[in-house]
Amino acid sequence: MNDAPRPAARPLTLDATAKRIIELLQGDGRLAYAAIAKDVGLSEAAVRHRVQKLVDAGVVQIVAVTDPLQMGFARQALIGIKVSGNVRTVATTLEGMDALDYIVITTGRFDILAEVVAESDDELLDIVSDEIGGLDGVASTETFVYLKLQKQTYAWGVR
């Protein structure tokens, strides 16, 4: 996971070339700059510069996505969190928890959804009961334990 803070959102115009570079990297994040350059008709240096601009602007992250089970994390779950008080304050506090890899403020039954990756059921219990449940402003939680990760993709394309 990339724990680096995202830069402040700077408007970045994505032209057809930038979008094609993103599509290629979504297909293979290790694709050589030379191969991308050949596809988009730019020099390798120009592609390297464009990719760096996309990373710096927070448009893309280039990371290794792992299988949690193979990395020793036996338990994954989605935690639905109801908040009493300021939802942004609770979400910001949750950001600091290393065990959480995905946090969204949402509407509907829950105010926040958070994904947790844990080594065991005991660790999951500690995270849900003590760390999340013990936060000021957390009214209740509901845990949805993953039985099987059927599909996970990050290649939703560009618009």
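Residues numbered from 1 in each chain as written. Predicted model: local features only at pLDDT ≥ 70, side-chain atom pairs only at ≥ 80, totals over all residues. Heavy atoms only, no water.

> I'd like a description of helix α1 (residues 16-27), backed by residues and values.
Between its terminal C-alpha atoms α1 stretches 17 Å, which fits the 16 Å expected from 12 residues at 1.5 Å a residue. Among the residues making up α1, those that are buried are Ala18, Ile21, Ile22, Leu24 and Leu25. Each buried residue of α1 sits inside an arc of 160° when the element is viewed along its axis, so together they form one side. Residues Ala16 and Gly27 are exposed on α1 and point more than 90 degrees away from its buried face. (Helix = DSSP H or I, 4+ residues; strand = E, 2+ residues; numbered from the N terminus. Expected span 1.5 Å × (residues − 1). Buried < 20%, exposed > 50% of the residue type's maximum accessible area, 1.4 Å probe, protein only. Arc of directions from axis to C-beta.)

> Would you mind going over the nonpolar core in detail, with residue names and values included?
Of all hydrophobic cores here, the largest spans 20 residues; its most connected members are Ile79, Ile81, Leu94, Leu100, Ile112, Val116 and Ile132. Residue assignment for this core shows that the elements contributing at least two residues are β1 (75-83), α4 (87-95), β3 (112-118) and α5 (121-132). If you look at the next biggest cluster of nonpolar residues, it comprises 11 residues, including Ile21, Leu25, Val40 and Val60. (Core = buried A, V, L, I, M, F, W, Y, C linked by side-chain atoms within 4.5 Å.)

> Tell me what's going on with the side chain of Glu115, and back it up with residues and numbers.
Inspection of the secondary structure assignment puts Glu115 in strand β3. Arg75 provides the closest opposite charge to the buried, salt-bridge-free Glu115, at an N-O distance of 12 Å. Within polar-contact distance, the side chain of Glu115 engages the side chain of Tyr146 at 2.7 Å. (Lys, Arg positive; Asp, Glu negative; His and termini not counted. Salt bridge = Lys/Arg side-chain N within 4 Å of Asp/Glu carboxyl O. Polar contact = N/O pair within 3.5 Å; in protein donor to acceptor, adjacent residues only side chain to side chain.)

> Lay out the pairing of β3 with the relevant residues and their values.
It is a general feature of regular strands that their side chains alternate between the two faces of the sheet. Burial runs high along β3: 6 of the 7 residues are buried. As judged from the 7 bridges shared by β1 and β3, these two strands associate in the antiparallel manner. Each bridged residue has a counterpart across the sheet, and for Gly80 the counterpart in β3 is Leu113. As defined by bridge partners, strand β2 (residues 100-105) adjoins β3 across 5 bridges and the pair is classed as antiparallel. Residue pairing in the sheet places Val104 in a bridge with Leu113 of β3. With antiparallel pairing between neighbouring strands as the criterion, β2 and β3 make up a hairpin whose turn holds 6 residues, including Gly108 at a positive phi of roughly 105°. (Pairing = 2+ DSSP bridges.)

> How would you summarise the pattern of salt bridges if you had to cite specific residues and measurements?
Enumeration over the complete set of coordinates arrives at 6 salt bridges. Arg50 serves as the salt-bridge partner of Asp15, at 3.0 Å between the closest nitrogen and oxygen. Note that Asp15 is positioned in the segment before α1 and Arg50 in helix α3 (residues 44-56), a separation of 35 residues in sequence. Between Glu44 and Arg48 there is a salt bridge; the shortest N-O distance is 3.2 Å. Taken together, the residues Glu44 and Arg48, both in helix α3 and 4 residues apart, mark about one turn of the helix. For Glu44, a relative accessible area of 37% puts it in the partly exposed group. Among the residues examined, Arg48 registers a relative accessible area of 39% and is labelled partly exposed.

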